[in-house]
Each structure stands twice: as structure tokens, then as C-alpha cells.
Amino acid sequence: MPRFMIPFDFHTHCTLSFDGKSSAEDMAKRAAELGIEHYALTDHVDLGDFPDKDFDLEATVNGAREIIPALQKEYAESTELLYGVELGQGVHDKALAEKLLAANDYDFVIGSTHNIRDHEDFYFLDYKDTDVPELLRLYFDELLETAEWGRFDVMGHITYPLRYITGDHGIDVDLSQFDSVIDEILRTLIKNGRGIEINTSGLRQKYGRTFPDADVVRRYRELGGEILTIGSDAHCTDDLGKGIEVGIKAAKEAGFDRIAVFRKRVPEFVRI
Ligand SMILES: [Zn+2]
Ligand SMILES: [Zn+2]
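Before going into details, it helps to say that this report is about the structure given with it. Remember, it's a predicted structure, so these values are computed and weren't measured experimentally.

Quick word on the packing of aromatic side chains
Working step 1: Inspection of every chain in the model, using the stated rule, returns 13 aromatic pairs.
Working step 2: Relative to Phe-262, the ring of Phe-108 lies with its centre 5.4 Å away and its plane at 20°, an arrangement referred to as stacked. Of the two residues, Phe-108 sits in strand E4 (residues 108-112) while Phe-262 sits in strand E8 (residues 258-263), which places them 154 residues apart along the sequence.
Working step 3: According to the relative accessible area criterion, Phe-108 is buried, its value standing at 1%.
Working step 4: Ring centres 5.6 Å apart and planes at 75° place the aromatic pair Tyr-123 and Tyr-164 in the edge-to-face group. Placement of the pair is Tyr-123 in the loop between E4 and helix H4 (132-149) and Tyr-164 in helix H5 (residues 162-168), with a sequence separation of 41 residues.
Working step 5: Accessibility expressed as a relative area gives 51% for Tyr-123, which makes it exposed.
Working step 6: Ring-pair connections join several aromatic residues into one group, and the members of that group are Phe-122, Tyr-123, Phe-124, Tyr-139, Phe-140, Tyr-160, Tyr-164 and Phe-178.

Thoughts on the side chain of Thr-42
Working step 1: Turning to its location among the elements, Thr-42 is positioned in strand E2 (residues 36-46).
Working step 2: In this structure Thr-42 comes out as buried when scored by relative accessible area, which is 0%.
Working step 3: Residues in contact with Thr-42, not counting those within four places in the same chain, are Phe-10, His-11, Thr-12, His-13, Gly-84, Val-85, Glu-86, Phe-108 and Ile-110.

Focus on the coordination of the zinc ion (ligand 1)
Working step 1: All of the protein donors around the zinc ion (ligand 1) are Glu-86 (OE), His-114 (NE2) and His-157 (NE2); their distances to the metal are 2.0 to 2.1 Å.
Working step 2: When the donor residues of the zinc ion (ligand 1) are listed from N- to C-terminus, their spacing reads E-x27-H-x42-H.
Working step 3: In this structure the zinc ion (ligand 2) is found 3.4 Å away from the zinc ion (ligand 1), and Glu-86 serves as a bridging donor for the pair. Residue Glu-86 is located in strand E3 (residues 80-88), and its partner His-157 is located in the loop between strand E5 (154-155) and H5; the two are separated by 71 residues in the primary sequence.

Regarding empty space enclosed by the protein
Working step 1: Under the definition given, this model contains one cavity of 30 Å³ or more.
Working step 2: Estimated volume of the largest cavity: approximately 50 Å³.
Working step 3: Asp-43, Val-45, Thr-60, Val-61, Ala-64, Gly-84, Val-85 and Tyr-106 are the residues that line the largest cavity.
Working step 4: Breaking the lining of the largest cavity down by element, the ones donating at least two residues are E2, helix H2 (57-74) and E3.
Working step 5: Counting residues per element, the lining of the largest cavity draws most heavily on H2, which supplies three residues.
Working step 6: Classifying every residue of the lining of the largest cavity by side-chain character gives five nonpolar, two polar and one charged.

Scoring rules and cut-offs
- Residues numbered from 1 in each chain as written.
- Chains lettered and ligands numbered in written order.
- Predicted model: local features only at pLDDT ≥ 70, side-chain atom pairs only at ≥ 80, totals over all residues.
- Heavy atoms only, no water.
- Phe/Tyr/Trp six-rings, centres within 6.5 Å; stacked < 30°, edge-to-face > 60°.
- Helix = DSSP H or I, 4+ residues; strand = E, 2+ residues; numbered from the N terminus.
- Buried < 20%, exposed > 50% of the residue type's maximum accessible area, 1.4 Å probe, protein only.
- Contact = heavy atoms within 4.5 Å.
- Donors = N, O, S within 2.8 Å, 3.2 Å for Na, K, Ca; no water.
- 1 Å grid on protein atoms, 1.4 Å probe; cavity = no way out; pocket = protein on both sides within 12 Å on 5 of 7 lines; lining within 4 Å.
- Points joined across faces, edges and corners; volume = space filled by probe spheres on them.
- Nonpolar A, V, L, I, M, F, W, Y, C, P; charged D, E, K, R; others polar.

Right, dumping it as C-alpha cells:
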């Protein structure tokens, strides 16, 4: 039996996130039990006008900084715990984002967009009276702006709004209408040396696919992209490592034979 059962999981949350269900201790212990070779805790730090009412920026940032080194030592034999963060809406408050990134010695930063300017998280939006293509146009424009800003390592869960639009509200979207802006986002990420992730949470949800799906991953590769991570976006111990195998299969089909592991914001590559 191989010592490591699951090669990696680079996107997970604990109770330091407003929506996390399991403590950092329990998540790290479970990652060690599962034999996840490289494991990142990436708790939510959401900037801008619409953070969750339960979100306490200082408690999250300081809590991670305190607990992660202790857990790294405790489980060093069983899992490589990486000190990550999921930085939401960095472009909504660039000064604060820069300050947080300078003050914390992160291994790995996921740059995510959970809401666009003047809108709440896509989770809360009412899609009945909404021009969905127009909303998605604004979303992709913000991803492009975020890619240009580029103060992260990989862009988080591209196509995240489809979790709600298609998954929860059953509204089908033909993504081909956004091909040119998606290409521009991917080209900008590549130009800036930034990666993307395959987020497998959609496989456990009504949406039933990864964020982004295989087409976008393949396109990133075709355009010359090399930096790819895969994460479950687990918010509890039960979901740790879920879908990683499916993500690896999608990555290989898209033309990847290696995955990035970030330490102190520098990627190294492991074969898949
Ligand atoms: Zn997210
Ligand atoms: Zn997340």
C-alpha cells in the first residue's frame, strides 16, 4: 500500500472560515489519516463591501498564522501542511490585500471572486429577474481585472456563479458566448505567470462538474498555461480529498502531466 493515498488537496477550509464546519486540528488530523501528501488550508479572507456577517478578518488571518505552524510540526510525518489563503475580491480593496499579503508568510494564495462589485455573493442573488448573460459578462470582466492585478498564485474556481445559476436554479448557460473574454483571462494569467485551479466541489453539488470544467482547463493548456492546482474546497473533514482523482483525470486529458505545489509562493511541480 502506498504511504500516501491522495497526492494533494490544495483548497480546503476549517472553522477559521465563516462557513467552515471542522476545526483546523480536525482537518489536519484527517488529512494525515487519509494520507494526503501535500495539503493546504486556505481559509476565506473576503474583501470588499459584502463579507459574510460572521466573517472576522483579524480572527481568520491571525488564527491561521498561529495554528498552522503547530499543526505543520505535529503532522509533519504524515502530510505536508501548506499555509494558504483564499483571498476573495482582492481587487475590491487592493491596499488591504497588499497589506495582508505583505504581513503573512503564505505558501499559497488562491485569488477568488465570490461577488462582483455592487452585488452580493452569487449564492444570494435572485436569478428570476436577472439578465444572466449580462451578470456573467460582469463576472468575467472582474476576473480579467483580477488576472491583470495578479497578486495571487492561482485563480480560484473560474465559473463559480454556475454553481448557483445552473446547479441550484437550473438555468443553462452556453459558455461559448464568453469564449473571447475567457481566452483573454487565461492569456493574462499566463502572461503574469499565474495559474488556475480545478475545484472539485461542483462534483458534490447539483452542478455536477468541476470549476472550471475540462474545456477551460484544456484551453489554458493550449494557450501555454503550466500552473495548475487541484482542490476539493472541503469545508469539513468528510469532504477532504473528494474528487481529486477526477480532477487529476481531467488535468491529464487537458494535457497536463504535472501539478504545482506552492511553498512560500514559489511553484514546484509534481508528476501526476
Ligand atoms: Zn471560493
Ligand atoms: Zn473555498
